[in-house]
Each structure stands twice: as C-alpha cells, then as structure tokens.
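Coordinate analysis (summary)
Now for the letters of each chain:
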Amino acid sequence: MIRMMDDRAKLLLKALVERYIADGQPVGSRTLARAAGLDLSPATIRNVMSDLEELGLIASPHTSAGRIPTARGYRLFVDTMLTVRREEMPRVAEFGVPGVESPQRVISQAAHLLSSLSQFVGVVMAPRRSSVFRHIEFLSLSERRVLVIIVSPDGEVQNRIVQTQANFTQSQLVEAANFLNMHYAGLTIEAVRERLTTELDALRGEIADLMKQAVDIGAQPAEQDGVVVAGERNLLSVSEFSSDLGNLRRLFDLFEQKTQLVRLLDVSNQADGVRIYIGGESQVVPFEDLSVVTAPYEVDGQVVGTLGVIGPQRMPYDRMIQIVDVTAKLVSNALSHTK
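Residues numbered from 1 in each chain as written. Predicted model: local features only at pLDDT ≥ 70, side-chain atom pairs only at ≥ 80, totals over all residues. Heavy atoms only, no water.

As annotated in an unreviewed UniProt entry, the protein chain carries the name Heat-inducible transcription repressor HrcA and is attributed to Hydrogenophaga intermedia. For the record of the protein chain, the UniProt heading Sequence similarities (unreviewed entry) holds the text "Belongs to the HrcA family." (UniProt positions renumbered as here; feature names shortened; annotations may be inferred.)

1. A look at the sheet that holds strand E3 (residues 121–125)
Strand order in this open sheet of five strands is E7-E3-E10-E9-E8, and the pairing throughout is antiparallel. At either margin of the open sheet sits one strand with a lone partner, and together these are strand E7 (227–230) and strand E8 (275–278). Averaged over all adjacent pairs, the angle separating strand axes in this sheet is 20°, with direction ignored. Pairing between E3 and strand E10 (residues 302–312): four bridges, direction antiparallel. Across the sheet, the residue bridging to valine 121 is isoleucine 310, located in E10. Where helix H12 (residues 259–268) meets the sheet, its contacts fall on E3, E7, E8, strand E9 (290–299) and E10, and the angle it forms with E3 comes to roughly 70°. (Pairing = 2+ DSSP bridges. Helix = DSSP H or I, 4+ residues; strand = E, 2+ residues; numbered from the N terminus. Axes fitted to C-alpha atoms, helices over the stretch in contact; angles between N-to-C directions. Contact = heavy atoms within 4.5 Å.)

2. Here's the deal with the nonpolar core
Within the largest apolar cluster, 75 residues are counted, with the highest numbers of intra-cluster contacts made by Leu13, Phe255 and Tyr317. With nine residues, the top contributor of residues to this core is helix H13 (residues 317–336). Taken domain by domain, the makeup of this core includes at least three residues from each of domain 1 (7–81) and domain 2 (103–128 + 225–337). The contacts of phenylalanine 255, once residues within four sequence positions are left out, are Val121, Val229, Glu232, Leu235, Leu261 and Ile310. By size, the runner-up hydrophobic cluster in this structure holds 18 residues, among which are Val146, Val148, Ile150 and Phe168. (Core = buried A, V, L, I, M, F, W, Y, C linked by side-chain atoms within 4.5 Å. Buried < 20%, exposed > 50% of the residue type's maximum accessible area, 1.4 Å probe, protein only. Domains from an automatic or database assignment.)

As structure tokens, this is what we get:
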C-alpha cells in the first residue's frame, strides 16, 4: 500500500495521525496544511485526503468534516513513519534494587511504573514457571474434569483442572501419567511438545489430547496471579472510552478476568523487542479502540514473560515504545539479580 502513495500523501498522513494523537479532534484540510508545512491549497489537500480515505487509511466521523486515522492508518504510521526520540524517563532510577526486591514486588512495581509513565494501563505477565517437570499425575474429579498435578524439579507443585473431550477411568489416567513420567520427565516443555507431536500417534486420540493439555499448562502461570494490572482507572479520562459506558464496562471485565490478557501477552512473549498491536486489525486485541505496546523481559538471558501498556489507538506511540522498552530492561535486570 505504501508504494501506491506519493511522498505528499505520506507526509499528509503522518501529519494527520500526529495531529489527531495530540489533539483528539478530527483533522480538517486547513489544519492539516499548517501541520504538514506544505504550501498546498485546501482543495488539493481535500483531494489527497479523499484518496487516503479510499485506501482505508483515514475515515470521516459523521459529526465532522475532518478525518481521523483508521486501524490500518495507524498501522502504516507505526510501521513506516514513526520516529522514536529518546527522552529522559522520569523516576525510573527508583525502580527496584537488584538482589533486594522479591520477584513479586518487581512485577507489581513494573505494572505501576508503566501505568504512571504512560497514564494508561500497565500490564505485566508474571514469570513463567519452570519449563521442566519432574513428575505429573492425573486425578479424575467428575465427568470430563481432570485434575493435573505437576511437580517441578525444585519441588513446586502446580494444580490445574482441565476439561476433557472424553471420560477417562482412573486406570487410564494413571497409565497416561506413567507414560509421561517414564519418557519425558526432566525434559523442557518445548522438547516434550515436539516429541509428543510425533510419538503419540499410536495412543488413543483422547489420551493424546489430555497429555498435550497437561504439557501446555505446565509452563503457564496460574490465572489468578498470572497477570498484574495497574492503572485501569486512567481509562476513565480517555474520551474514546468514557463516552461509551458499555465499552468501558467491557474493558474493565477484560482486566478483571485476565484470560484474554494472558492470551495476548503469551503471543507477545514469542516476539523479539517492542511490538505494537492495534485493535481492529486482528483477533489478537479484543477491542477495536485499543492498542497494546508490549516487550518481553528476560531472566539470565531467557525470555520468561511480557509486559506492556494498554491504551486507546490514539496514543503517543513513540513515547509508549520508549516506556515499555526501558521498563522491560529494568525488570530483566532486577529479576536476573534477585535471589
């Protein structure tokens, strides 16, 4: 799409997005002419805006003659036009004392720091549990409900309930657990996943599915402490959300239930560096008006979690990128030196 636009159109789109992010008001042709610094007539600018609208990059609200960016317009701006200027981040020097703060304290502090610096919502996925299991057990609870008990090499016990596609007798569950313990104990979750894919064809499909479920939850944090959220009330001052109580309620449900947040951060966990997800362009972000800026953090060089900022599409992406990037480095440093 960028190839279909001349330099003038690119410059006007960039100016329009930046002006809308700054003011929150639809941008008219006269305002855009001043913002872009181009000596163009309002009629010429209107023609270019019409072309950008046909490309799906901007749209015209019903109540205004001005234009606002679409999700596609934001994506093009973020991917090809955004320049991140390094600024001094206030108060980051107060963050965590390596070797002193507990991991839980570091995670909580990071979420509040993200919220404070961004004035939006800060989210941090807690570090994943050990990706190696020492022992696993299955216990039948009721019809199609199985308790999975996973013991890590350091003795930590994780209990999770899974819904199964079929009913299993306790003897079948014992047989499945014995198979996993005999063949896979001590391996990383990634290695177990890879081997299960090729080695379980001979087993009954339902048992194979149960084993895969157990492996998948082995590296997941428990839902109640898996994600730390801070600053939800900041969204009350964002006009895009505060003007629609139904939308605002759905957002707070998202933060309370956290399941979708875990899924979103889990996707981000597999990406390198800072990533930007814009609502309306994919199923990753559940709400059209949201944008999410994320980055993974590490412990001793290994990615163990993800953190980020959640806010409106109309956010200053250059500043959010810097905030998220700096916080991820602070968390990585603090956790790598925490004993």
